[in-house]
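Summary of the model geometry
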Amino acid sequence: MIKNKSNRFKGLVIALKANFFIVEIDKQDLIDHSFDQSPQKIRLLCTRRRKLDYQGIFIDVGDVVFLQDIDYKNKRAVIYDLQSRKSFLKRPAVANVSLIAICISVEEPSFDSEQTSRFLITAESANIKPIIIFTKTDLINKKDLNFYINKLKLWGYDSLPVSIKNAQGFDLLIEKFRQTELTVLAGPSGVGKTSLINHLIPSLSLPTSSVSKKLRRGIHTTRHVELFPIGNGSFLADSPGFNRPEIISDISGFANLFPEFRAQLIHAKCKFRNCMHRDEPGCVINKDFERYSFYRESLDEIINSHLPYQGD
Ligand SMILES: Nc1nc2c(ncn2[C@@H]2O[C@H](COP(=O)(O)OP(=O)(O)OP(=O)(O)O)[C@@H](O)[C@H]2O)c(=O)[nH]1
Ligand SMILES: [Mg+2]
Ligand SMILES: [Zn+2]
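What counts and what doesn't
- Residues numbered from 1 in each chain as written.
- Chains lettered and ligands numbered in written order.
- Predicted model: local features only at pLDDT ≥ 70, side-chain atom pairs only at ≥ 80, totals over all residues.
- Helix = DSSP H or I, 4+ residues; strand = E, 2+ residues; numbered from the N terminus.
- Buried ≥ 20, exposed ≤ 12 C-beta atoms within 10 Å, placed from the backbone.
- Contact = placed C-beta atoms within 7 Å.
- Pairing = 2+ DSSP bridges.
- Near = placed C-beta within 6 Å.
- Nonpolar A, V, L, I, M, F, W, Y, C, P; charged D, E, K, R; others polar.
- Core = buried A, V, L, I, M, F, W, Y, C linked by C-beta atoms within 7 Å.
- Domains from an automatic or database assignment.

1. Quick look at the overall build of the chain
Assigned secondary structure in the chain consists of seven helices and 13 strands. Here the C-alpha coordinates of the chain stretch approximately 70 × 50 × 45 Å along the principal axes. Taking all 312 residues of the chain together, 30% fall into the buried category. Within the chain, contacts between residues separated by at least 24 positions form 66% of all contacts whose residues are at least 6 apart in sequence.

Written out as structure tokens, the structure reads:
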């Protein structure tokens, strides 16, 4: 039986496979790791104690878990507890995310303002910092790229352009990912999330597939979330693409998920504390910005989803 220095044996959930968890542990934590010469990290196939289920505790990729019954020879263990999470992203489901890199292409598949905004709202509502990565920049000209970078700037977000076809933009990205504990690559299917990971970590050759010619969309190649070490103790998560993230927010906090509102509300206050910035008297918001109509439509969507059922 292996013990760690604090008697609490910790690991990181790298992936879920059927009913098992792949958990990576650090051999540095072992009291005596002189017994073999294998690499510093060990991966164990783990089950979880039933008691966690009874307590309604779910374990996801990115969770830091505590292990017992470690069978080093067969690389098996049992998860008996979970460290409290710093953050949790619902879709894709990943715990302890520090940065969401939302991958968006301008062509193949084409840029969609509403879709991009929905990904940004998902990050904002989980209180996780988002950045935009413009992928496949080899397919567009410089003028168009600048148009989209400026558009995102006006929304309040920085973006980084990359292309795996002309190896553009990788140094900056690698540096950013290595400074961040856990970055999730999210975005629509087919934008090139997995291709980007394959490029950044050449030892990997994860499956990718081309965008459907007929639908001009991805065909949902990646099916599971998985973490990959990117150096400096940091991880990068690949995730399955999805095309229309659901907006989950309460009505009162919704405007705060937009940098355009936040920037204005630093300097001024509306007359009513619960102002929804529609046509309320004393509203100080200047509504002349691109995403205001998206805000209004999404607000209606949230309000409608909160209404009691009126049917028969
Ligand atoms: N021209 C061009 N094609 C790219 C680039 N990056 C990826 N692709 C292509 O885009 C297609 C989709 O790439 P994937 O990496 O499978 O996309 P994904 O975002 O992981 O898709 P899902 O797993 O379905 O969410 C593949 O045919 C890639 O070769 C790029 O920089 N330029
Ligand atoms: Mg993929
Ligand atoms: Zn207002």
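2. A few points about the pairing of strand β12 (residues 226-231)
As paired elements, β12 and strand β13 (residues 234-238) share five bridges and run antiparallel to each other. Paired with G231 across the bridge in β13 is S234.

3. Some remarks on the site of ligand 1
Not every one of the 24 residues close to ligand 1 is listed here, only the nearest: G192, S195, T208, T222 and G241. If one sorts the elements of the shell around ligand 1 by residue count, helix α5 (residues 193-200) sits on top with three residues. In terms of residue class, the shell around ligand 1 is made up of five nonpolar, 15 polar and four charged.

4. As for unusual backbone geometry
The step from R91 to P92 runs through a cis peptide bond, and the omega angle for that step is 0°. Omega for the bond connecting E108 with P109 falls within 30 degrees of zero, at -5°, which places this linkage in the cis form. Among the secondary structure elements, P109 is positioned in the loop between β8 (99-105) and α2 (113-125). Under the C-beta neighbour-count criterion, E108 is labelled partly exposed, with 18 such atoms within 10 Å. Even without being glycine, N127 reaches a positive phi, approximately 60°. Locating N127 in the fold gives a position in the loop between α2 and β9 (129-135). Among the residues examined, N127 registers 11 C-beta atoms within 10 Å and is labelled exposed.

5. Some points on the environment of A101
Take A101: it is sitting in strand β8. The class of A101 is buried, set by 24 C-beta atoms lying within 10 Å. Among residues more than four places away in sequence, those in contact with A101 are I131, I133, T183 and L185.

6. Digging into the nonpolar core
V23, I100, I102, L185 and A237 are the most contacted members of the largest nonpolar core, which totals 56 residues. Three or more residues apiece are contributed to this core by two domains, here domain 1 (9-82) and domain 2 (88-238). If sequence neighbours within four positions are ignored, V23 has contacts with G11, L12, V13, I14, L44, C46, V65, L67 and A77.

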